[in-house]
Amino acid sequence: MNVGEAVAARRSVRGFRDMPVDLAVLHAIVTRAARAPSGGNLQPWHVDLVVGDSLSRLKALMAEKTASGALEAAQYAIYPRELAALYKGRRFQVGMALYGAMGIARDDHDARNAEFRRNFQFFGAPAALFCTVDRQMGPPQWSDLGMYLQNVMLLATEAGLATCAQECWAIYPDTVGAFLHLPPERMVFCGMAIGYEDAAAPANALRAERAPETEWLRVMS
């Protein structure tokens, strides 16, 4: 698989097979991904791989948290508070497409909430990654995190694995921070589910659309 093929094949998978991933493969992916560029070579990413018994404990903890409805204060705004109509429309459309693929009606709040809680079970994935960052870092360094995470996802695709990057973990910063024993200067950026895709999972029928290049590309010559 070349880079172009990996870019085309990568997508957010929300249903995984109950099949463990070799830890050596995961280790190779996350360390190779560190060739990502970063301004001033700061390399601001910090990564925790969670597998096996540790992942089982975290899933059990989050099942209790999400069932109780307990929420924590997110330490950054996942989306802008005043999202422009263009972007709000894209978010709405992908949400409708996802729930539509799973046969969940727009007004079926119980089913939607149950599906949301599956985020915190990593959609059944046997491996998870958390990316954290020092609080002193700003937007330029957060873009560096994105380049690192894209490397992880492309390398996982090359290895026959599926992924789903999950900013939803930012709404449980205290729980995740305590579980990972993060130092106080470190904050949670996102999680990521990693494993083998369950092709039969209805959510995995979704292939999110991309805007035509006429909406975002300008060529000046």
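What counts and what doesn't
Residues numbered from 1 in each chain as written. Predicted model: local features only at pLDDT ≥ 70, side-chain atom pairs only at ≥ 80, totals over all residues. Heavy atoms only, no water. Core = buried A, V, L, I, M, F, W, Y, C linked by side-chain atoms within 4.5 Å. Buried < 20%, exposed > 50% of the residue type's maximum accessible area, 1.4 Å probe, protein only. Helix = DSSP H or I, 4+ residues; strand = E, 2+ residues; numbered from the N terminus. Contact = heavy atoms within 4.5 Å. Phe/Tyr/Trp six-rings, centres within 6.5 Å; stacked < 30°, edge-to-face > 60°.

1. Quick word on the nonpolar core
In step 1: One finds Leu129, Cys131, Tyr148, Leu149 and Phe189 to be the most contacted residues of the largest nonpolar core, which totals 28 residues.
In step 2: Of all the secondary-structure elements, those providing two or more residues to this core are helix H2 (23-32), strand S2 (127-134), helix H6 (139-158) and strand S4 (186-195).
In step 3: For this core, the element with the highest residue contribution is H6, accounting for eight residues.
In step 4: Look past the residues within four positions of phenylalanine 189 in its chain and what remains in contact with it is Tyr76, Cys131, Thr132, Trp142, Leu145, Leu149, Glu167 and Ala170.

2. Looking at the environment of valine 152
In step 1: Within the element layout of this structure, valine 152 appears in helix H6.
In step 2: Residue valine 152 is classed as buried on the basis of its relative accessible area of 1%.
In step 3: Placed eleven residues apart in sequence, valine 152 and threonine 163 show a C-alpha to C-alpha distance of 9.0 Å.
In step 4: The residues touching valine 152, leaving out its near neighbours within four places in the chain, are Ile29, Ala33, Leu129 and Met192.

3. Description of the packing of aromatic side chains
In step 1: In total, this model carries ten aromatic pairs according to the counting rule given.
In step 2: Summarising the aromatic geometry, the rings of tryptophan 45 and tyrosine 148 are spaced 5.1 Å apart at their centres and angled 20° between planes, so their arrangement reads as stacked. Of this pair, tryptophan 45 sits in the loop between H2 and strand S1 (46-51) while tyrosine 148 sits in helix H6, placing them 103 residues apart in sequence.
In step 3: For tryptophan 45, a relative accessible area of 11% gives the class buried.
In step 4: Seen in terms of ring centroids, tyrosine 76 and tryptophan 142 are 4.8 Å apart; in terms of plane orientation they differ by 85°. Their pairing is edge-to-face. Here tyrosine 76 is found in the loop between helix H3 (52-68) and helix H4 (85-101), whereas its partner tryptophan 142 is found in helix H6, with 66 residues between them in sequence.

4. Brief notes about unusual backbone geometry
In step 1: Its identity as a non-glycine residue notwithstanding, phenylalanine 122 has a phi of 55°, on the positive side.
In step 2: Considering the arrangement of structural elements, one finds phenylalanine 122 in the loop between helix H5 (109-118) and S2.
In step 3: Unusually for a residue other than glycine, phenylalanine 123 sits at a positive phi of about 55°.
In step 4: Summarising the element assignment, phenylalanine 123 is placed in the loop between H5 and S2.
In step 5: Overall, the relative accessible area of 4% leaves phenylalanine 123 in the buried class.

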